[in-house]
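The residues making up each chain are set out below.
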Amino acid sequence: MASTLSALSGALTKLSIDEVGKASQFECVRAVVMKTKESEVEAVVRELSPPQRDALMKHLYNGLSMGDSKLSSIMFLWHKELTQQAGIGCIIRSLTDKSTRCIDV
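Residues numbered from 1 in each chain as written. Predicted model: local features only at pLDDT ≥ 70, side-chain atom pairs only at ≥ 80, totals over all residues. Heavy atoms only, no water.

### Here's the deal with the pattern of salt bridges
Here is step 1 of the chain: On inspection of all chains with the given rule, the structure shows four salt bridges.
Here is step 2 of the chain: The salt bridge involving R93 is made with D54; its shortest N-O contact spans 2.7 Å. Of this pair, R93 sits in helix 6 (residues 88-96) while D54 sits in helix 4 (residues 50-64), and the two are 39 residues apart along the sequence.
Here is step 3 of the chain: Its relative accessible area of 14% is what places D54 among the buried residues. (Salt bridge = Lys/Arg side-chain N within 4 Å of Asp/Glu carboxyl O. Helix = DSSP H or I, 4+ residues; strand = E, 2+ residues; numbered from the N terminus. Buried < 20%, exposed > 50% of the residue type's maximum accessible area, 1.4 Å probe, protein only.)

### Points about the confidence of the model for the chain
Here is step 1 of the chain: When pLDDT is averaged along the chain, the result is 84; 80% of the residues meet or exceed 70.
Here is step 2 of the chain: Taking the mean pLDDT of every element in the chain, the minimum, 68, falls on helix 1 (residues 2-12) and the maximum, 95, on helix 5 (residues 69-86). (pLDDT = per-residue confidence, 0-100.)

### Here's the deal with the nonpolar core
Here is step 1 of the chain: Judged by nonpolar contacts, the single largest core of 23 residues is most densely connected at L8, L56 and W78.
Here is step 2 of the chain: For this core, the secondary-structure elements that each account for two or more residues are helix 1, helix 2 (19-35), helix 3 (41-47), helix 4, helix 5 and helix 6.
Here is step 3 of the chain: In terms of residue count, helix 4 provides more of this core than any other element does, six residues in total.
Here is step 4 of the chain: The residues touching L8, leaving out its near neighbours within four places in the chain, are V29, V32, V44, L48, L56 and W78. (Core = buried A, V, L, I, M, F, W, Y, C linked by side-chain atoms within 4.5 Å. Contact = heavy atoms within 4.5 Å.)

### Structural notes on the side chain of H79
Here is step 1 of the chain: Structurally, the position occupied by H79 is in helix 5.
Here is step 2 of the chain: On the basis of relative accessibility, which here comes to 14%, the residue H79 falls in the buried class.
Here is step 3 of the chain: Side chain to side chain, H79 and Y61 meet in a polar contact 2.9 Å long.
Here is step 4 of the chain: The residues contacting H79, other than those within four sequence positions of it, are M57, L60, Y61 and I91. (Polar contact = N/O pair within 3.5 Å; in protein donor to acceptor, adjacent residues only side chain to side chain.)

### Quick look at the packing of helix 4 against helix 6
Here is step 1 of the chain: Orientation of helix 4 relative to helix 6, taken along the N-to-C sense of each, is 65°, at an axis distance of 9 Å. Classed by the angle they form, the pair helix 4 and helix 6 counts as roughly perpendicular. In terms of crossing hand, the pair formed by helix 4 and helix 6 is right-handed. Along its contact with helix 4, which presents R53, D54, M57, K58 and Y61, the element helix 6 presents C90, I91, R93, S94 and L95.
Here is step 2 of the chain: Residue composition of the contact of helix 4 with helix 6, grouped by class: five nonpolar, one polar and four charged. (Axes fitted to C-alpha atoms, helices over the stretch in contact; angles between N-to-C directions. Parallel < 35°, antiparallel > 145°, perpendicular 65-115°, else oblique. Left-handed = near helix turned anticlockwise from the far one by under 90°. Nonpolar A, V, L, I, M, F, W, Y, C, P; charged D, E, K, R; others polar.)

### Regarding helix 2
Here is step 1 of the chain: For helix 2, spanning 17 residues, the distance from its first C-alpha to its last is 24 Å, which sits close to the expected 24 Å at 1.5 Å a residue.
Here is step 2 of the chain: Looking at helix 2, one finds that the buried residues are G21, K22, Q25, F26, V29, V32 and V33. Around the axis of helix 2, the buried residues are gathered within 130° of arc, so they sit on the same side. Residues of helix 2 that are exposed and point over 90 degrees away from its buried face: E19, V20 and K35. (Expected span 1.5 Å × (residues − 1). Arc of directions from axis to C-beta.)

If you want it as C-alpha cells, here you go:
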C-alpha cells in the first residue's frame, strides 16, 4: 500500500494547469486506481490530505467522463469511499474550483 500511496500522492500534490500536465497526472491516477485492490481503497483514501482528496475527486470525475465501463465501475468505488470519508464538500469543491479543473463542467 505504501507504493500506491506514494504514487497517488505525487500526482495529487499540485494539479497542473496545462493540458499535457493534466493528462500525465490523470494517467498516473488512473493507473494507481486500476491497480489498487478493492480492500485497500479505504486505507489509501484515509491517508490522503484534504487537498489531495479534492484533487483525487477531480480526477475521478475526469475518468467517469470517458465512458469506459470498466474504468467507471472502479472510479465509482473510489468515489463512494472518498465521499464517505471527505464528505459532500469534496464533490462541491472539485466541481467549482475553476483554477485547476480537470474537466469542463
